[in-house]
Structure formats: C-alpha cells, structure tokens
Amino acid sequence: MPKIDLTKIHDKSYRLNTLYNIVDKSGNSILFKLNDVQQVVAKDPQRRKLILKARQLGMSTYAIIDLLDDVLFNRTYAGGIVSYSLEHAQHIYKRIIGHALESMDPYIKKRLGIVSQSAREITFSNGSFLRVDTSLRGGSYQSILVSEFGKTCARSPQKAEEVITGTLQTVGKTGRIVIESTGEGNEGYFAEMINNAVIRGDPESDVDYKLFFFPWMTEKAYRLDQKITYDVELTDYFDRIEKETDQKIDQQQRYWYAQQRQVLGEKVKQEFPSTVAEAFLSSSDAYYYAQYIEDSYQSNRCLHTSLYDALCPVYVAMDIGVNDLTVMIFFQVIHGEIRVIDYYEDKNKGVDFYAKFLLQDKKYFYNTIYLPHDSTQRSKIIVDNTYERDFRRLFAGVNTKFVVLNRADLNMGISHAKLKFERCVFAINRVKPLLDHLGKYRKKWHEPTGRYLDEPLHDIHSNHADAFRYMCQAVTKIETVSNMGGALEKHRKAVDMRRSTI
C-alpha cells in the first residue's frame, strides 16, 4: 500500500488509484488502479451510464470501487448495488467491498469508521451507508449500481422489472445510476436500453443513459504469440469487423480470438463481442433458435426479394389463441427449400375474422391450412364445437384442405424445428418480426438450482415459436406425401444457385 498524501485526499481520481486493494485472478491482493477503459467511464460526467463490455475488462470491479468511494467520502450518502443473484451479491459484498475496506490504510480506515454492519449493509461514521442486494425498493439513494443486468433480464424477467420499476425509481434526478453487463441475449430491459441509447446517440439530458461499449479488442492483454490455425471463415470475420469498426485487428489479437473461439464456440461473440449488435446475438444456451437465425442471416437465407412462387402451393401453419395471440405462417416447399413467405398475428379475434382475412386480405391460393392439435376442441362442454369444423364451414366452396396436426412432445418438436431451420429461407421484408420473436424464445430459469430448465418460458414469443414448430411438423407431412427424397440436398443447390445470382 503506497503512502497516503492527505493533501490529495479530496481528489477522487487520486483516491481511486491509491486507497483500494482488490483480489486479482491469482488470489493476490493488489492495488486497484484505473485502466484505460475504466478511465474513459470515470472521466465522463454523465449521471446515467450504460456499460456494455467484454469479459474481464474490470468494469464491474471499477463500478463497485467507484460507488464505495462515493459512500466513504460524502456525508449522509446512500449507495446501493443490485445483482442478479444473492450469491453474486454476497461475492460483491465480501470479496470486493469487504477486502477493499479491510486492506485500507489504517489511518484512513479509522477516520472513516464502520458504525454498523449486517449481512447486506454497512453504515459509516459520516452517516453514509452502502447496501448490496438483489433488489432495492423504498427509501432513496444518491447512487445505484446494477451489476450484470443482462443476466437478470435473461434469467428472471420479474426481477428485471422490479429493478426498473422499483430500484431505479429510488434515485432522484441528480443521482447517479450505472448499469453494467455483458449481453445475455436480445430479450429484456437491458437489450432495449442499449438499443435505445444506440438509436438516440449522445444523451439529450442528465437523465438519459449514455452508452459505453468496450469490445474485446480494447484490452491490451487479449493477445497471443502462439500461432493458432483458423479457417478462412474467421479470416473473413476479422476483415469484416475491421471495416465495420475501423479498428485494426493484428495477428496476435487474431490468434487470441481464434483460441477463445476453440474453447467457447459461437458463445465467444457473447462473451467477447466485437460490436454492440454482436453482444446480443443470443448464443446463450437459454435461447432455442437465436443461433439458427444468425446462421440464416450469415448464409444469405434472409432475403429482401420476393420468394413467393405463384405456380407452387401455399400452406399455412397456425397457432390459435382464443384469449391469446394467434399467429399464422405462410410458406411454400420448393426444391427442398422451406420458403417462409409471409406471416400474420392478431389477438382476441374469432374464426370468422381469420377466415375472412385469409380469403380476402391474403389472396393466396391455399393448398392446405394446418391447425394445432388442440383446435379440435374449444370447449370442454361442447365437444363438437371445433375450430376445424368452423374453418371448413367458412371455406365451403374453396379447394383448400384442413389438417389437424397430431400432438407431439414439445422438446422433440423444438429439436425437429432446429433440424428444419437449415432449409428455411425467409422473405425478411414480411417476416422479420416473426424472426425477432423466434430469436427471443427461451428456456425457463430455475433460481433455486441456478440453471435453465429444459422447458420453454411461456410468453408472447412462445406463440410465434409454436406456429413455427407447427410449420415444421407440416413440412414433414407434405414431404412424406410427396415423397420428396433428398430435400436438404435440393435446398443446398437452390441456395448455391441464388448466391451465384446475387
């Protein structure tokens, strides 16, 4: 610990680089000093800050030490730290805050003085206090740090909502809020806040959030001298990122990233993003289809041109909701391709409305409309009151067939849909909202065991995912009847031909 110069003690930058010890990756107690990216955030005067970062840049540690310093050197100052789990909150409280206080210069520590200390809160002799928890509601705080908010949004949407509606509301207009995290999928408040900050640009007022993004290339330690062999696809990736970011990626950085990719696979983009958009690619195990959607974009299967072939049959797969969302997917199966040409969603509408919509508003010639397994019974009392019967009646005189799909195991259906994804081509101008919902379809988070369950979370995105699953089930029926052998190979040839003409 360096000798303290009391004449500089009122300088926050001096205190941050002199007073606090942290525990490094090897378990050693070392003096905390602001690194380059930490200094960028520390020097900025904006009161609301969003920090999106790659792993191991020290942003979480900086934000915690910075808040602790505010509490220690301001009278009657209330500081709060919110984390995604109790275990992580305790780690912050004991490992970072506790160690910083215990290892502080004895003279400074005595002057500050701890008046009281509980399992989650410390009160100091200057009348200030610091609380660490999974949520803060009630009272008022001058400064709040929300740590790893992306994890909270991905794992527990209810907790995330509590942070937005409860915790952040405890801070007044002149208070400070820092929200930091890596990306954890493209769903939830954190992703939305980042997106809004990107669209808005520079903050227009003190209460707007300013975005600080630190890609992996900003960390000087992320370099490797050892040669790592990687494929041309990764070379193309580096070249594309250099153009997008106007930032050079030298050979040692490329070796380092290639080595990380060998370990993490596609999750490397979430843990060590190169761009803001890449941080939210949802490669987390929590998301069922996110990686498949990214692959669709990367392999030129999301097209802005029309995919509709008027000479080929059009099919519809529906997920029907009585008091819920109804989603329709319009598709064709041509040369092994599954062409998703259109989609529609609405809610609180009856069969009459949807039949009229299909016949008058969407003027396709439908070969078959596939209904979900539960469409055969709307009422537990009146057994013959069915969607299938109503649709057949309303489509009388039209040469359209109706097929009720068999009930299938949900997880098997999801696996089946993943296999079909490689053959899907999307008319992106019409179906982008559908893809956005599919990308946010995810597993339930089980807080007691700290893991994702093999069970989907039922929310608005699950309606779209169900319709997509029904579409894939319908494709199997269509190809079974048509005896379409080698469908995947036909699709690949079609994609190769399209690439040659783009």
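Rules and cut-offs
- Residues numbered from 1 in each chain as written.
- Predicted model: local features only at pLDDT ≥ 70, side-chain atom pairs only at ≥ 80, totals over all residues.
- Heavy atoms only, no water.
- Salt bridge = Lys/Arg side-chain N within 4 Å of Asp/Glu carboxyl O.
- Helix = DSSP H or I, 4+ residues; strand = E, 2+ residues; numbered from the N terminus.
- Buried < 20%, exposed > 50% of the residue type's maximum accessible area, 1.4 Å probe, protein only.
- Phe/Tyr/Trp six-rings, centres within 6.5 Å; stacked < 30°, edge-to-face > 60°.
- Expected span 1.5 Å × (residues − 1).
- Arc of directions from axis to C-beta.
- Contact = heavy atoms within 4.5 Å.
- Core = buried A, V, L, I, M, F, W, Y, C linked by side-chain atoms within 4.5 Å.
- Pairing = 2+ DSSP bridges.
- Axes fitted to C-alpha atoms, helices over the stretch in contact; angles between N-to-C directions.
- Parallel < 35°, antiparallel > 145°, perpendicular 65-115°, else oblique.
- Left-handed = near helix turned anticlockwise from the far one by under 90°.
- Polar contact = N/O pair within 3.5 Å; in protein donor to acceptor, adjacent residues only side chain to side chain.

### Details of the pattern of salt bridges
Pairing between side chains of opposite charge can happen when their charged atoms approach one another. A full pass over the atoms with the stated rule returns 31 salt bridges. Measuring nitrogen to oxygen at the nearest pair gives 2.7 Å for the salt bridge that ties Lys362 to Asp342. On the criterion of sequence distance, the pair formed by Lys362 in the loop between helix H13 (351-361) and strand E15 (366-371) and Asp342 in strand E14 (residues 337-347) is long-range, its members being 20 residues apart. The exposure class assigned to Lys362 is buried, which follows from its relative accessible area of 15%. Given a relative accessible area of 2%, Asp342 falls into the buried group. Between Glu479 and Arg423 there is a salt bridge, and its shortest N-O distance comes to 2.1 Å. Residue Glu479 is located in helix H17 (residues 460-482), and its partner Arg423 is located in the loop between helix H15 (410-421) and strand E17 (424-427); the two are separated by 56 residues in the primary sequence. We classify Arg423 as buried; its relative accessible area is 7%.

### Structural notes on the packing of aromatic side chains
Evaluated as defined, the whole model comprises 30 aromatic pairs. Ring centres of Tyr289 and Tyr441 lie 5.9 Å apart, and the angle between their planes is 20°; this geometry places the pair in the stacked category. Note that Tyr289 is positioned in the loop between helix H11 (268-271) and helix H12 (290-298) and Tyr441 in the loop between helix H16 (428-439) and strand E18 (443-446), a separation of 152 residues in sequence. No difference in accessibility class separates Tyr289 from Tyr441, as the two residues are buried. Each member of the aromatic cluster is reached from another via a ring pair, and the members are Trp216, Tyr222, Tyr230, Tyr237, Phe238, Trp256, Tyr257 and Phe272.

### Here's the deal with helix H8 (residues 189-200)
The end-to-end C-alpha distance of H8 is 16 Å, a good match for the 16 Å that twelve residues give at a rise of 1.5 Å each. Inspection of H8 places Phe190, Ala191, Met193, Ile194 and Ala197 among the buried residues, and these make up the whole buried set. When H8 is viewed along its axis, its buried side chains cluster within an angular range of 165° and face the same direction. In this structure, the buried residues of H8 make contact with strand E3 (48-53), helix H6 (149-155), helix H7 (157-167), strand E9 (171-181) and strand E10 (210-214). Within two residues after H8, Gly201 carries a phi angle of roughly 85°, on the positive side.

### Concerning the nonpolar core
Judged by nonpolar contacts, the single largest core of 58 residues is most densely connected at Tyr20, Ile81, Ile97 and Trp216. Among the elements that make up this core, the one with the highest residue count is helix H3 (residues 59-72) (nine residues). Excluding residues that lie within four positions of it along the chain, Tyr20 makes contacts with Arg15, Ile30, Leu31, Phe32, Ile65, Leu68, Asp69, Leu72, Phe73, Ala100 and Met104. Grouped together as the second largest cluster of nonpolar side chains are 36 residues, Tyr288, Tyr315, Ala465 and Ile478 included.

### Quick notes on the pairing of E15
Two faces belong to every sheet, and in a regular strand the side chains alternate between them. Counted residue by residue, E15 has five buried out of six residues, so it is predominantly covered. Where strand E12 (residues 314-319) and E15 come together, four bridges link them in parallel fashion. Paired with Ala317 across the bridge in E15 is Tyr370.

### A few points about the environment of Tyr237
Mapped onto the elements, Tyr237 comes out in helix H9 (residues 232-245). The exposure class assigned to Tyr237 is buried, which follows from its relative accessible area of 6%. Counting along the chain gives 42 residues from Tyr237 to Asn195, while the straight-line C-alpha distance between them is 23 Å. Contact partners of Tyr237, with chain neighbours within four places excluded, come to Tyr257, Lys269, Ser274 and Glu278.

### What about unusual backbone geometry?
The phi dihedral of Thr76 falls on the positive side, at around 45°, and the residue is not glycine. Counting through the fold element by element, Thr76 comes out in the loop between H3 and strand E4 (78-82). In the Ramachandran plot, Glu148 falls in the positive-phi region, its phi being about 50° despite a non-glycine side chain. Among the secondary structure elements, Glu148 is positioned in the loop between strand E8 (141-147) and H6.

### What about the packing of H3 against helix H4 (residues 86-102)?
The contact between H3 and H4 brings their axes to 11 Å, and the two run at 55°. Between H3 and H4, the angle falls in the class oblique. The chirality of how H3 crosses H4 is right-handed. Residues Thr61, Ile64, Ile65, Leu68 and Leu72 of H3 form the contact with H4, whose participating residues are Ile92, Ile96, Ile97, Ala100 and Leu101.

### Comments concerning the side chain of Asn21
Structurally, Asn21 can be placed in strand E1 (residues 21-23). Polar contacts involving the side chain of Asn21 include one to the side chain of Ser29, which spans 2.9 Å.

### Digging into the side chain of Asp346
With respect to the helices, strands and loops of the structure, Asp346 is situated in strand E14. A polar contact of 3.2 Å, which involves the side chain of Asp346, links it to the side chain of Lys349. In contact with Asp346, other than residues within four places in its own chain, are Asp324, Leu325, Thr326, Phe353 and Tyr354.

### Points about helix H2 (residues 36-43)
The set of residues buried in H2 consists of Val37, Gln38 and Val41. The arc that holds the buried residues of H2, viewed along the axis, is 100°, so those residues lie on one side. Contact partners of the buried residues in H2: E3, H3 and E10. Where H2 begins, the capping side chain belongs to Asn35, and its oxygen is found 3.2 Å from the backbone nitrogen of Val37.

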